[in-house]
Amino acid sequence: MQSRKLVRGIAVATGVAALAGFGIGFAAGQSEKPEDLPVARKLPTDLCARLGDVSALFPGPAELQQTGTGEIRCTAQSDEATQPTHTSAKLIIAFRTYATRAGSTAADVAREHFDAESWPVLPNRPYPTKLRAQPGGEEAWEIGLVTTRGDLVVEITYTASPIDQAAAQSAALSVAEKAVWEAR
Amino acid sequence: MSTTPEITGYTFGEQLLDHPLAGVWRGEAASGMEVVALVLSETGSADQTVRERLAEASRTAAIEPGEAEVPLWAANLSATRPYAITQLAPGYSGAERLLDPLDGVIGNDQSAIEEVRRRLDGDPATTDDHAEGPKGKAAGRKLWAVAVIVPLVVFIVAYSVGAAVNTAAAEPEPTAPKVPVPDAVQPNPIPSKKIMLPGIPKAGTVPLRNNVPQVPVVTSRDTTALLATQWENLGLPFAMHIPGKTWQLVELEESSYSIYRQMVEIGSTSPAVQVGVAAHPCTDLADCLADRAEFDSRWSKRLGGTPAATARDGQTWFSERAGTPYVASMTRAFRSPATKSWWLVGATVQAEAPTKAGLARAVLNDIRTQTS
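Residues numbered from 1 in each chain as written. Chains lettered and ligands numbered in written order. Predicted model: local features only at pLDDT ≥ 70, side-chain atom pairs only at ≥ 80, totals over all residues. Heavy atoms only, no water.

**A look at the nonpolar core**
Counting 40 residues, the largest nonpolar core has Leu57(A), Leu64(A), Leu91(A), Ile93(A), Phe95(A), Ile156(A) and Tyr158(A) as the members making the most contacts within it. Of all the secondary structure elements, the ones that give two or more residues to this core are helix H2 (47-50), strand S2 (71-78), strand S3 (88-97), strand S5 (141-149), strand S6 (152-161) and helix H4 (165-182) of chain A. Among the elements that line this core, the one with the most residues is H4(A), at eight residues. Phe318(B), Phe334(B), Leu359(B) and Ala360(B) belong to the second largest nonpolar core, which has 35 residues in total. (Core = buried A, V, L, I, M, F, W, Y, C linked by side-chain atoms within 4.5 Å. Buried < 20%, exposed > 50% of the residue type's maximum accessible area, 1.4 Å probe, protein only. Helix = DSSP H or I, 4+ residues; strand = E, 2+ residues; numbered from the N terminus.)

Structure, rendered in structure tokens:
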């Protein structure tokens, strides 16, 4: 009889709807509210100024210029063309903070980014540090350095000529430690 | 279901009630009129009380029809299976009149009676087109609405439940990082003393010296005539000639000790002639002579080539190796009129093919001349 068929159809449709609803609902999960979404820690707007005077790393006076909001970059440069002698230097400090991710704390996420860098690890530092010194000639060096603490990753590139490798590395390391301290 | 009764002049289709004592059937008279028939079953026929009840009900319906009531149409109370038939007219209670006493006939079976009423009245699926009233249509729409709404509501509820179960089943967010975070340590101050080495002062633009005699350092029939282009902006304390505009200068670097330059031919994967030049500032000739050993070792390491070993004069040393490739080098101490200071200059030339050796010699001799 038609009404019986309809009732049976409703019952079947209801069953299918229940199963499909549960399945799709389970797969999708509960939607996140915008205020619950993880956000990376905001860094101070005067971060570069807080690092202090970096003129010692340059042939003449130098001031760090801050750019960026999500990733803050402090840049200072002494172009050889502006110098009376054959000297040039450039310093870039990049700060990035990371947000939590499903199953990972912000520190875990930052650590992943640190681990992704293939440079050799420099042991016996207060924070995990990787450093690469690339010669650009007799006394020209490019020091790449990455360090992490908590949700923060600091990356430093210091290029200078002429300079001793040891002096360049030690300067990059002291800038890195100061950077981590100011962005803690 | 019981066997469809066979009563002359009537055909029966749907059975509305199948009771142990009686059956109710819907059918048609030969004229096409719709009828309802109540037929006692074998058990009902055998029961005298039931027969009497049917006879009583039929009599009442036949003799005392009320207003808006369809009379009893036909009855046979003495047949093997006694029956009573009445017209089924929409809006008229014909069937009811047969059914009202039916409970008496079949022994107060109220649920069976209600079922018959329901099927006569409201179920659009069981009524014919002309018998389907507005009530039946409304009920049908209601059922279809239920068919849409119920699965939809169930889906929404099941979705929420699934989502909630997922969230509840999700692993709790970690509260501590996998690798412990080290304490921040008070950093040492960034050095305040300059850490870079002092750079060599720039020589600026140095003009070619055209008024000096050619002073060959290596024996060659080829002269500066081979070198068509003048080159003055080398960052070196002297200028020089090069073979043509296809040559370019590579500024290798300037250390605190020496300026390094390389000259290569553009677009050539294996350059026919390679030239390397180094220049180291010194305070005076004596200082230059004292620095020569270290300078030779440094520039030959940086540029490749053999340090100059044979003294040409008190300020000039050279080496030459004929063959393939042809290699020659020179170290010279000189006072640059442009910078007004003393310099040690190192130069190395290399020609891959013997045919290019003349060009290499000419370049080396030109550097010697320009550093007079």
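**Observations regarding the pattern of salt bridges**
All told, the structure shown has 19 salt bridges over all chains when counted by the stated rule. Between Arg292(B) and Asp296(B) there is a salt bridge, with its nearest N and O atoms 3.4 Å apart. Placement of the pair is Arg292(B) and Asp296(B) together in helix H7 (residues 285-303), with a separation of four residues, close to one helical turn. Through salt bridges with shared partners, a single ionic network connects Glu71(A), Arg73(A), Arg96(A) and Glu155(A). (Salt bridge = Lys/Arg side-chain N within 4 Å of Asp/Glu carboxyl O.)

**Quick word on the sheet that holds S3(A)**
Residues and elements named next belong to chain A. Pairing within the open sheet is antiparallel, and its six strands lie in the order S1-S2-S3-S6-S5-S4. At either end of the open sheet lies a strand with only one pairing partner, and these are strand S1 (65-67) and strand S4 (129-135). Each neighbouring strand pair of the sheet contributes to a mean axis angle of 10°, computed without reference to strand direction. Packing of helix H3 (residues 106-116) onto the sheet brings it into contact with S4, S5 and S6, and relative to S5 it is tilted by some 155°. Here H4 sits on the sheet in contact with S3, S4, S5 and S6, set at roughly 30° to S5. (Pairing = 2+ DSSP bridges. Axes fitted to C-alpha atoms, helices over the stretch in contact; angles between N-to-C directions. Contact = heavy atoms within 4.5 Å.)

**Points about the interface of chain A and chain B**
Opposite the 69 residues of chain A that make contact, chain B presents 59 residues. With both sides pooled, the region where chain A packs onto chain B buries about 5,100 Å², and carbon together with sulfur makes up 66% of that total. It is Ala56(A), His86(A) and Glu138(A) in chain A that bury the most area against chain B; as a group they hold 15% of the surface buried on that side. For the pair chain A and chain B, the number of links is two salt bridges. Of the charged contacts, one joins Lys178(B) and Asp108(A) as a salt bridge, the two residues approaching to 3.8 Å between their closest N and O atoms. Here chain A is connected to chain B by 20 residue pairs in polar contact (both at pLDDT 80 or more). Elements with a minimum of two residues in the side of chain A that touches chain B: helix H1 (2-28), S3, H3, S6 and H4 of chain A. Broken down by element, the side of chain A that touches chain B gets its largest block of residues, 16 residues, from H1(A). For the side of chain A that touches chain B, the class distribution of residues is 35 nonpolar, 22 polar and twelve charged. (Buried area = accessible area lost by both parts, 1.4 Å probe. Polar contact = N/O pair within 3.5 Å; in protein donor to acceptor, adjacent residues only side chain to side chain. Nonpolar A, V, L, I, M, F, W, Y, C, P; charged D, E, K, R; others polar.)

**Examining the packing of aromatic side chains**
Residues and elements named next belong to chain B. In total, this model carries four aromatic pairs over all chains according to the counting rule given. Summarising the aromatic geometry, the rings of Phe-155 and Tyr-159 are spaced 6.4 Å apart at their centres and angled 35° between planes, so their arrangement reads as tilted. Of this pair, Phe-155 and Tyr-159 are both found in helix H6 (residues 134-169), four residues apart, which corresponds to roughly one turn of the helix. Judged by relative accessible area, Phe-155 falls into the partly exposed class, the value being 27%. Taken together, a centroid distance of 6.4 Å and an interplanar angle of 75° make the contact between Phe-238 and Phe-334 edge-to-face. Placement of Phe-238 in the loop between strand S6 (229-231) and strand S7 (240-242) and of Phe-334 in strand S13 (residues 326-336) is noted, with a sequence separation of 96 residues between them. (Phe/Tyr/Trp six-rings, centres within 6.5 Å; stacked < 30°, edge-to-face > 60°.)

**Here's the deal with the pairing of S6(A)**
Residues and elements named next belong to chain A. Most of S6 is tucked away, with seven of its ten residues classed as buried. Examined bridge by bridge, S3 and S6 share ten bridges and lie antiparallel to one another. Bridging from a neighbouring strand, Ile-93 pairs with Ile-156 of S6. Across nine bridges, S5 lies against S6 in antiparallel orientation. Considered in S6, the bridge of Trp-141 is made with Ala-160. Between S5 and the antiparallel strand that follows it, S6, lie two residues; Gly-150 among them carries a positive phi value of about 60°.

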